[in-house]
Amino acid sequence: MDDGHIVVDSIERIRMKDITYDLARESGFPDVKSLLAVAKHGPGRNVYLVRFHYLAPGAWDIPR
């Protein structure tokens, strides 16, 4: 990734059953299994949906 900023829009606790095919596709994965293969860490049961966006270099700057 180039220089720039990642801006977190929201963090929401969700249930495992809330991870749907549509959410996986929206997140850039072909299916739920692929999403979980990347996102799941250890035996934990807490699931968080983090929505964010990328700001290109200079987009964060405020004109004076």
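Just so we're clear, the structure is a prediction, and the values are computed from it rather than from any experiment.

Trainee: Quick question: what am I supposed to make of the overall build of the chain here?
Mentor: Along the chain, the regular secondary structure elements total two helices and two strands. Across the chain, helices and strands are ordered from the amino to the carboxyl terminus as β-α-α-β. Its C-alpha atoms give the chain principal-axis dimensions of about 45 × 20 × 20 Å. By residue count, 14% of the 64 residues in the chain fall in the buried class. Partitioning the intrachain contacts of the chain with sequence separation of at least 6 by distance along the chain shows that 75% fall at a separation of at least 24. Carbon and sulfur atoms make up 54% of the accessible area of the chain, which amounts to about 5600 Å² in all. Between the mean site of the 9 positive side-chain charges and the mean site of the 9 negative ones, the chain shows a separation of 12 Å.

Trainee: Explain the nonpolar core here, please?
Mentor: Most often, soluble globular proteins have nonpolar side chains that are buried together. If you look at the biggest cluster of nonpolar residues, it comprises seven residues: Ile14, Ile19, Leu23, Ala24, Leu35, Val47 and Leu49. Elements with a minimum of two residues in this core: α1 (21-26) and β2 (47-55). When sequence neighbours within four positions are dropped, the list of residues in contact with alanine 24 reads Phe29, Asp31, Val32 and Leu35.

Trainee: Which parts of the structure should I look at to understand the environment of leucine 36?
Mentor: Tracing the backbone shows leucine 36 in helix α2 (residues 32-39). Setting aside residues no more than four positions away along its own chain, leucine 36 makes contact with Met16 and Ile19.

Trainee: Help me understand the environment of threonine 20, please; the structure alone is not making it clear to me.
Mentor: Tracing the chain through its elements places threonine 20 in the loop between β1 (5-14) and α1. Among the polar contacts made by the side chain of threonine 20, one reaches the main-chain amide nitrogen of leucine 23 at a distance of 3.1 Å.

What counts, and where the lines are drawn
Residues numbered from 1 in each chain as written. Predicted model: local features only at pLDDT ≥ 70, side-chain atom pairs only at ≥ 80, totals over all residues. Heavy atoms only, no water. Helix = DSSP H or I, 4+ residues; strand = E, 2+ residues; numbered from the N terminus. Buried < 20%, exposed > 50% of the residue type's maximum accessible area, 1.4 Å probe, protein only. Contact = heavy atoms within 4.5 Å. Areas by Shrake-Rupley, 256 points an atom, 1.4 Å probe, with all protein chains shown as cover. Lys, Arg positive; Asp, Glu negative; His and termini not counted. Charge placed at Lys NZ, Arg CZ, Asp CG, Glu CD. Core = buried A, V, L, I, M, F, W, Y, C linked by side-chain atoms within 4.5 Å. Polar contact = N/O pair within 3.5 Å; in protein donor to acceptor, adjacent residues only side chain to side chain.

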